[in-house]
Every structure is written in C-alpha cells, then in structure tokens.
Amino acid sequence: MSPISRNLQAVNERIAAAAQAVSRRADEVSLLAVSKTFGPDAVIAAADAGQRLFGENYLQESLDKIMAVKAQCPDLLLEWHFIGPIQSNKTRPIAEHFDWVHSVDREKIAERLSDQRPPDRPPLNICLQVNISGEASKSGVMPGEALDIARRIADLPRLRLRGLMAIPEPETEFAAQRAPHRKLRQLLEEMRAQGLQLDTLSMGMSADLDAAIAEGATIVRIGTAIFGQRHYEK
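Residues numbered from 1 in each chain as written. Predicted model: local features only at pLDDT ≥ 70, side-chain atom pairs only at ≥ 80, totals over all residues. Heavy atoms only, no water.

**Observations concerning the overall build of the protein chain**
Quick note on the threshold: The way it works is that DSSP assigns letters per residue, a run of H or I at least four long becomes a helix, a run of E at least two long becomes a strand, and they are numbered from the N terminus. C-alpha atoms define the radius of gyration in this analysis, and the globule rule sets the expected value at 2.2 Å times the number of residues to the power 0.38. Buried residues are those whose accessible area, probed at 1.4 Å on protein chains only, stays under 20% of the maximum for their type, while exposed residues exceed 50% and partly exposed ones sit between those limits. Residue contacts follow a heavy-atom distance rule, with two residues in contact if any of their heavy atoms lie within 4.5 Å. Each accessible area value is a Shrake-Rupley result obtained with a 1.4 Å probe; residue values ignore everything except the protein chains displayed when judging cover. When charges are counted, Lys and Arg are positive and Asp and Glu negative, with His and the chain ends excluded. Where a charge sits is defined by one atom per residue type, namely NZ (Lys), CZ (Arg), CG (Asp) or CD (Glu).
When you go through the protein chain residue by residue, the secondary structure sums to 9 helices and 8 strands. Its C-alpha atoms give the protein chain a radius of gyration of 17 Å, near enough to 17 Å, the size a compact globule of 234 residues would have. Expressed along its principal axes, the backbone C-alpha trace of the protein chain runs to roughly 45 × 45 × 30 Å. Here the protein chain, with 234 residues, has 50% of them falling under the buried criterion. Within the protein chain, residue pairs in contact and separated by at least 24 positions form 62% of the contacts whose partners lie at least 6 positions apart. Element-wise, carbon and sulfur atoms account for 48% of the exposed surface of the protein chain, whose accessible area totals about 11200 Å². Computed over 29 positive and 31 negative side-chain charges, the inter-centroid distance for the protein chain is 2 Å.

**Things to note about the pattern of salt bridges**
Put simply, the rule is: When a carboxyl oxygen of Asp or Glu lies within 4 Å of a side-chain nitrogen of Lys or Arg, that pair is called a salt bridge.
Counted according to the given criterion, the structure contains 15 salt bridges. Bridged by salt links that share partners, the residues Arg178, Arg182, Arg185, Glu189 and Glu215 form one connected network.

Here's what the structure looks like:
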C-alpha cells in the first residue's frame, strides 16, 4: 500500500468516526482531495486507491495536471473542483475544464462562468464563498449579503448553485472550531427556507474536519493529511 493510499484510508476512517459521533452516515460526507502543488503522479496514486474528487487552487498548474492525468490514464473519470481565488480574466478555462467551483465570491465571476460554460457540458456546480469569520484578509461575501447574491446566481444559465463554502479563521479548541461552521449551516438553512434549492456545505480541512462534520459539512477539503506537507515553489 502506498503512503497516499494509507493516508486516504486514515482520512476516510476519521470522516466515518466524526460522522458516527453525531449520528450521521459517512456517505453523507464527500472527501475532496486537495492536490495543489502535487503532480499528476500523486493524483493517479490517489485515484488508484479509489479517490475520485480532486480540488485545485492554481489555474495553470491545475490545467497542466488535468491534461497530464488524462494523457496517462485516458479512461480514468475524475471530478475536478476549483477552490482557489478567481480572477475575471481566468474564468473561461475554469468554466471549460472544471466540474465544480467552490470559490465564487462575486456576481460578476458567476456571470462570466455562466457565459463561458460550454453548452455541451453539464451545468457547472457552484458554491458561494462566504466570509463567515469576517476576516479582512479573506475572500467571500458577507453573510448578510449572501441571500441576495445567491438568488441572482441561481438564475444564471449553465450553472447550478449547490451551496456555500467557507474557510473559517483557524481555531484549536473543538467548540471554537464548530462555531463558524454552525453559522454557515444556519445560513444555508435560512437560504433553503427562502426557496433556494441547496444541498452542499463545503467546509472543513485537515485541522478542523471533525468540527465541520459535526455541523453538517457535505464536502471536506483535505490536502496535507493525504499528500503530506506542501512545497511551494511558485
């Protein structure tokens, strides 16, 4: 068993235990393997261990990786999620090559993704990024603005608004970790009560996935616990 395979097994066991602790089923939580800064060989190793959902932050790196994996394993069906900051001039390749985008934080970005999504591809799944901790350095719409923006995004063609994403301020205590995830879940519930058809909470990373699952996460974004420490050479 490869190190990545062992790590994936450990993460999946952790997800199952966290779900069981709050009377949830493990299959209610999807594992998104964040493969940024790791090459196609790491993706293929994870895919060989059964992983199918991969998250990327950096556009050019991810496009090269998607093409390389496809060239090496043409029959391998993977789901690619873009989770990094989005510049307006980079929306076209994201709309063309990804299945999900978690980091939509402006209506303008959603409009461009909608306009540029190829008509022969399924609707692009979208999460609205919310600045749930109110940090000045973080991207995302403020919670009070989320409903109005979400309604407008939900009306755009060739997109499917699925839910909300957040990157809360880091905390070490479990109760403190749960608090922002609870706020995001409550916001999603309020938006559903207003008629929006939402089913996704993208929240929780290697350090706080247990707290996120306790508060209803449906996608957890895990990188370091699967692939190891990152090596930034950008």
